[in-house]
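Chain by chain, the residues run as shown.
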Amino acid sequence: MTSRFTELVVDCHDPERLAAFWCEVLDFQVIDQSEGKVEIGSWVPTVEDVRARQMPPTLVFIRVPEGKTVKNRLHLDVSPVDGSTEDEVSRLLGLGATKTDVGQGPDRNWVVMADPEGNEFDVLRTLAPQG
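Residues numbered from 1 in each chain as written. Predicted model: local features only at pLDDT ≥ 70, side-chain atom pairs only at ≥ 80, totals over all residues. Heavy atoms only, no water.

*Asks:* Is there a simple way to explain the overall build of the protein in this structure?
*Replies:* If you tally the helices and strands in the protein, you get three helices and eight strands. In sequence order, the secondary structure elements of the protein are arranged as β-α-β-β-α-β-β-α-β-β-β. Seen through its C-alpha atoms, the protein measures out along the principal axes to roughly 45 × 40 × 30 Å. When the 131 residues of the protein are sorted by exposure, 34% land in the buried category. The contacts of the protein with a sequence gap of at least 6 include a subset with a gap of at least 24, amounting to 58%. Taking the average location of the 13 positive side-chain charges in the protein and that of its 23 negative ones, the two points are 5 Å from each other. (Helix = DSSP H or I, 4+ residues; strand = E, 2+ residues; numbered from the N terminus. Buried < 20%, exposed > 50% of the residue type's maximum accessible area, 1.4 Å probe, protein only. Contact = heavy atoms within 4.5 Å. Lys, Arg positive; Asp, Glu negative; His and termini not counted. Charge placed at Lys NZ, Arg CZ, Asp CG, Glu CD.)

*Asks:* Is there a simple way to explain the pattern of salt bridges in this structure?
*Replies:* A pair can form between side chains of opposite charge whenever their charged atoms are brought close. Evaluated as defined, the whole model comprises six salt bridges. Between R63 and E16 there is a salt bridge whose closest N-O contact spans 3.2 Å. You can see R63 sitting in strand β4 (residues 58-63) and its partner E16 sitting in helix α1 (residues 15-26), a full 47 residues away along the chain. For R63, a relative accessible area of 36% puts it in the partly exposed group. (Salt bridge = Lys/Arg side-chain N within 4 Å of Asp/Glu carboxyl O.)

*Asks:* Help me understand the packing of aromatic side chains in this model?
*Replies:* Given two aromatic rings, their pairing is described by the distance between the two centres and the angle made by the two planes. For the structure shown, the criterion picks out three aromatic pairs. With a centroid separation of 5.3 Å and an interplanar angle of 90°, the aromatic rings of F21 and W22 are classed as edge-to-face. Classification of W22 as buried rests on a relative accessible area of 3%. Plain terms: the ring middles of W22 and F121 are 4.9 Å apart, the flat faces sit at 70° to each other, and that makes the pair edge-to-face. With a gap of 99 residues between them, W22 in helix α1 and F121 in strand β8 (residues 120-123) connect regions that are remote in the sequence. One aromatic cluster is present, built from ring pairs that chain together F21, W22 and F121. (Phe/Tyr/Trp six-rings, centres within 6.5 Å; stacked < 30°, edge-to-face > 60°.)

*Asks:* Can you walk me through the layout of surface pockets in this structure?
*Replies:* Sizing a probe to match a water molecule and rolling it over the atoms shows the empty space that remains. Empty space within the largest pocket amounts to approximately 540 Å³. If you trace the largest pocket, you find 26 residues lining it, with V10, D11, K68, N72 and N119 closest to the centre. Those elements that place two or more of their residues in the lining of the largest pocket are β1 (7-12), β4 and β8. Looking at the lining of the largest pocket, the element that brings in the most residues is β1, giving five residues. Residue composition of the lining of the largest pocket, by class: twelve nonpolar, six polar and eight charged. Of the volumes computed, that of the second largest pocket is approximately 410 Å³. If you trace the second largest pocket, you find 19 residues lining it, with V25, L26, D27, F28 and V78 closest to the centre. Listed by contribution, the elements that provide at least two residues to the lining of the second largest pocket are α1, β4, β5 (76-78) and α3 (85-95). The dominant element in the lining of the second largest pocket, judged by the number of residues it contributes, is β5, at three residues. (1 Å grid on protein atoms, 1.4 Å probe; cavity = no way out; pocket = protein on both sides within 12 Å on 5 of 7 lines; lining within 4 Å. Points joined across faces, edges and corners; volume = space filled by probe spheres on them. Nonpolar A, V, L, I, M, F, W, Y, C, P; charged D, E, K, R; others polar.)

See below:
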């Protein structure tokens, strides 16, 4: 008997806005939307695909009334694939992210940021070809 990791759910105030932000960050698309809920992903899940093999999880943004109050215990890490880490940080700032301090210290090789609702995420080293 096995389970699959199929979705990561993010509680938020504005699912549409946060889904749009993360679609831009990850080059995902909206794959399902209903009142107070938006699901995004890099593919459209089918039961057959999920049963056959582990597929990338989707992100689901669900409207909740309460706000974020403390540092996330779970966060996303992203790695640029076609530019430098610094260029990606600049791009994400332009999309509405902010740099944030969660006590990581100044000599880290990643950048801690927050999405438009304050959810922390890390921008790691670039995966772009060097040359």
